[in-house]
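Residue strings, one per chain:
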Amino acid sequence: MFDDLHLDHILLTPGPTPIHPRAQRALMRGMLGHMDPEVFALNREIQADLRVMYGTRPDDFTAVLAGTGSLGMEAGFANLVEQGDEILVCANGSFGRRMAEMAARYGARVRLVTAPLGEAIRPEDVAAHLDGVQMVAVVHGETSTGVLNPVPQIAELVRGSGALLTVDAVTTAGMEPFHMDEWGVDYAYTGAQKCLSAPPGLAPVAISERAFARYSARRTPTPLWYCDFEGLQDYWTRHTYHHTVPVNLHFAFHAALQAALEEGMEARVRRVQEVGAAILAALAPLGFSHYVRRPQDRLPTVLALRLPQGFDDAGVRLALRQREISVTGGLGPTAGMIWRLGLMGEAARPAPYRALMYALEGILGESRLVARFDEALEGVLA
Ligand SMILES: *Cc1c(COP(=O)(O)O)cnc(C)c1O
């Protein structure tokens, strides 16, 4: 019976990530009403902690939306785009293209800046298309390819232009440096189930004063009533009813976010890097190599590895799944060519990846994977 609970299932996917034990426990808490004073107090703590995580100004608005990361993405375009606006979208993977599609649905004229698959957006390409643009949108860490886009450099260009900057921080905020105010980001969002290892169903967002000013100047109300910025403020700031927030998810999210802040960003960055290096040290002798060619383009939290020649991608991943280990392959053009190993939140720990190495030894008939993995970890720890 307990087997069916999948308590020992090992999630190495680029989202969702394993739920943090403190978040798991918080899910057990009894139900409270969404208008309960205790819930409002908890919400205030979530808002304060999110300001720290995103690096906002002290008074900037933060909240969690009742939906996944994609709702965070959609809410930004719904509130900040109007019919006929010129929006520049950096699209070098499937999440960048999702942004472009959403912006278009809210009436934007979309200018695409692209890059070859597996490469970062070039800031000079953004600079060349900035003229007359009302917003620039970019995915910080493109999960579909394991590419890190140069957000600080892009932000510097955008700052002088008067355009707003929307950043998808789903694979970075909470795990990698993110400095909303310092960089000049106006709207940022993530998903609870990625870098924070909370259950899916919440999208933490941060909104700058400039973004609110743009929202206030709208000619028509946003077509997305559910996430109207004003409606969010009704509940989160003025404590009046807007819609019933998923209180139990707030409990779990609060616990996971506090755990992340207590650990500290430096320690989190370090374990991503250490576990990532150990994975590569273990697998490189088998012929695995970085998919993203330029080191500065590599997203630390999604390790994209090119598979060895003749590697049975589907067969090996099925054998892993039978051993309760989930690994994600490529998407679209990279299907069968790469693995995307998640190093977000609780996935970026030695134990789950040591389990992967042990399982691969059995499946592939190899012998030194665990040893190489451990030696690499000891090397960095020594
Ligand atoms: C996962 C992801 C999303 C979408 O989040 P959902 O929670 O699946 O809706 C958006 N952007 C990036 C970069 C992601 O990795």
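Just so you know, these numbers come straight off a predicted model, no measurement behind them.

An account of the overall build of the protein chain is needed here, citing residue identities and associated values.
Secondary structure assignment for the protein chain yields 14 helices and 15 strands. At 21 Å, the protein chain has a C-alpha radius of gyration in line with the 21 Å of a compact globule built from 382 residues. Seen through its C-alpha atoms, the protein chain measures out along the principal axes to roughly 65 × 55 × 35 Å. Across the 382 residues that make up the protein chain, the buried fraction comes to 55%. Across the protein chain, contacts joining residues at least 24 apart in sequence account for 71% of those joining residues at least 6 apart.

Describe the layout of surface pockets, and please don't skip the residues or the numbers.
To find leftover empty space, a probe the size of one water molecule is rolled over the atoms. By volume, the largest pocket is sized at about 370 Å³. Lining the largest pocket are 24 residues; nearest its centre among them are Leu148, Asn149, Pro150, Gln296 and Asp297. Where the lining of the largest pocket is concerned, the elements lending two or more residues are α5 (123–127) and α6 (151–159). It is α6 that contributes the most residues to the lining of the largest pocket, 3 residues altogether. For the lining of the largest pocket, the class distribution of residues is 12 nonpolar, 6 polar and 6 charged. Two domains each put at least three residues into the lining of the largest pocket: domain 1 (8–15 + 264–381) and domain 2 (22–262).

Account for the domain arrangement of the protein chain, with residues named and values stated.
According to the domain assignment, the protein chain consists of domain 1 (8–15 + 264–381) and domain 2 (22–262). Just the C-alpha atoms count here: the centres of domain 1 and domain 2 sit 28 Å apart. Across the boundary between the two partners, domain 1 contributes 29 residues, which contact 28 residues of domain 2. Here domain 1 meets domain 2 over a buried area of about 2100 Å², counting both sides, of which 61% is carbon and sulfur. At the boundary of domain 1 with domain 2, the tally comes to 1 salt bridge. At the boundary of domain 1 and domain 2, one finds 11 residue pairs in polar contact (both at pLDDT 80 or more). Mapped by element, the contributors of at least two residues to the side of domain 1 that touches domain 2 are α11 (265–283), β12 (302–306) and β15 (338–342).

Got a sec to walk through empty space enclosed by the protein? Specific residues and values, please.
A full pass over the atoms with the stated rule returns 1 cavity of 30 Å³ or more. Space inside the largest cavity adds up to approximately 60 Å³. Taken together, Val64, Leu65, Ala66, Leu232, Tyr235, Trp236, His242, His243 and Val245 make up the full set of residues lining the largest cavity. The element best represented in the lining of the largest cavity is helix α9 (residues 229–236), accounting for 3 residues. Taken together, the residues of the lining of the largest cavity sort by class into 7 nonpolar, 2 polar and no charged.

I'd love a proper account of unusual backbone geometry, names of residues and values included.
Negative phi characterises most residues that are not glycine, and trans characterises most peptide bonds. Between Gly15 and Pro16 the backbone carries a cis peptide bond, its omega angle lying at -5 degrees. The residue Pro16 is located in the loop between β1 (10–11) and α1 (21–26) in this model. Its identity is not glycine, yet Glu324 carries a phi of approximately 65 degrees, on the positive side. In this structure, Glu324 sits in the loop between α12 (313–322) and β13 (325–326).

Report on the site of the ligand, specifying residues and quantitative values.
Around the ligand, 13 residues are found, and the nearest of them are Thr68, Ser70, Thr143, Asp168 and Lys194. One of the side-chain nitrogen or oxygen atoms of Ser70 is found 2.6 Å away from an oxygen atom of the ligand. A distance of 2.8 Å separates an oxygen atom of the ligand from a polar side-chain atom of Lys194. Those elements giving two or more residues to the shell around the ligand turn out to be α3 (69–80) and α4 (94–105). Residue classes in the shell around the ligand are distributed as 3 nonpolar, 7 polar and 3 charged.

How would you explain the UniProt feature "binding site: substrate" (unreviewed entry) in the protein chain if you had to name every residue and give the values?
Those places that UniProt annotates as "binding site: substrate" (unreviewed entry) correspond, in this numbering, to Arg340. Look past the residues within four positions of Arg340 in its chain and what remains in contact with it is Leu12, Pro14, Thr143, Ser144, Val302, Leu303, Ala304, Thr328, Gly329, Gly330 and Leu331. There is a polar contact of 2.9 Å between the side chain of Arg340 and the backbone oxygen of Thr143.

Describe the sheet that holds strand β2 (residues 61–65), with residues and values.
Strand order in this open sheet of 7 strands is β2-β10-β9-β8-β5-β3-β4, and the pairing throughout is mixed. The open sheet terminates on both sides in strands that have one partner only, identified here as β2 and β4 (109–113). Averaged over all pairs of adjacent strands, the angle between their axes in this sheet comes to 20 degrees, without regard to strand direction. Note that strand β5 (residues 135–139) and strand β8 (residues 164–168) share 5 bridges and pair parallel. Among the inter-strand pairings, Val139 is bridged to a residue of β8, identified as Asp168.

Hey, could you go over the sheet that holds strand β11 (residues 289–290) for me, with residue numbers and the actual values?
Read across the sheet, 4 strands follow the order β11-β12-β15-β14 without closing on themselves; strand pairing throughout is antiparallel. Sheet topology places β11 and β14 (328–329) at the edges, where each strand pairs with a single neighbour. Here β11 runs beside β12; their pairing, made up of 2 bridges, is antiparallel. Within β12, the position partnered with His290 by the bridge is Leu305. Packed onto the sheet, α11 meets β11, β12 and β15 and runs at close to 15 degrees relative to β12. The strands that α12 touches are β14 and β15; relative to β15, the one it contacts most, it runs at about 30 degrees.

The rules behind the values
- Residues numbered from 1 in each chain as written.
- Predicted model: local features only at pLDDT ≥ 70, side-chain atom pairs only at ≥ 80, totals over all residues.
- Heavy atoms only, no water.
- Helix = DSSP H or I, 4+ residues; strand = E, 2+ residues; numbered from the N terminus.
- Rg over C-alpha atoms; globule rule 2.2 N^0.38 Å.
- Buried < 20%, exposed > 50% of the residue type's maximum accessible area, 1.4 Å probe, protein only.
- Contact = heavy atoms within 4.5 Å.
- 1 Å grid on protein atoms, 1.4 Å probe; cavity = no way out; pocket = protein on both sides within 12 Å on 5 of 7 lines; lining within 4 Å.
- Points joined across faces, edges and corners; volume = space filled by probe spheres on them.
- Nonpolar A, V, L, I, M, F, W, Y, C, P; charged D, E, K, R; others polar.
- Domains from an automatic or database assignment.
- Buried area = accessible area lost by both parts, 1.4 Å probe.
- Salt bridge = Lys/Arg side-chain N within 4 Å of Asp/Glu carboxyl O.
- Polar contact = N/O pair within 3.5 Å; in protein donor to acceptor, adjacent residues only side chain to side chain.
- Near = heavy atom within 4 Å.
- UniProt positions renumbered as here; feature names shortened; annotations may be inferred.
- Pairing = 2+ DSSP bridges.
- Axes fitted to C-alpha atoms, helices over the stretch in contact; angles between N-to-C directions.

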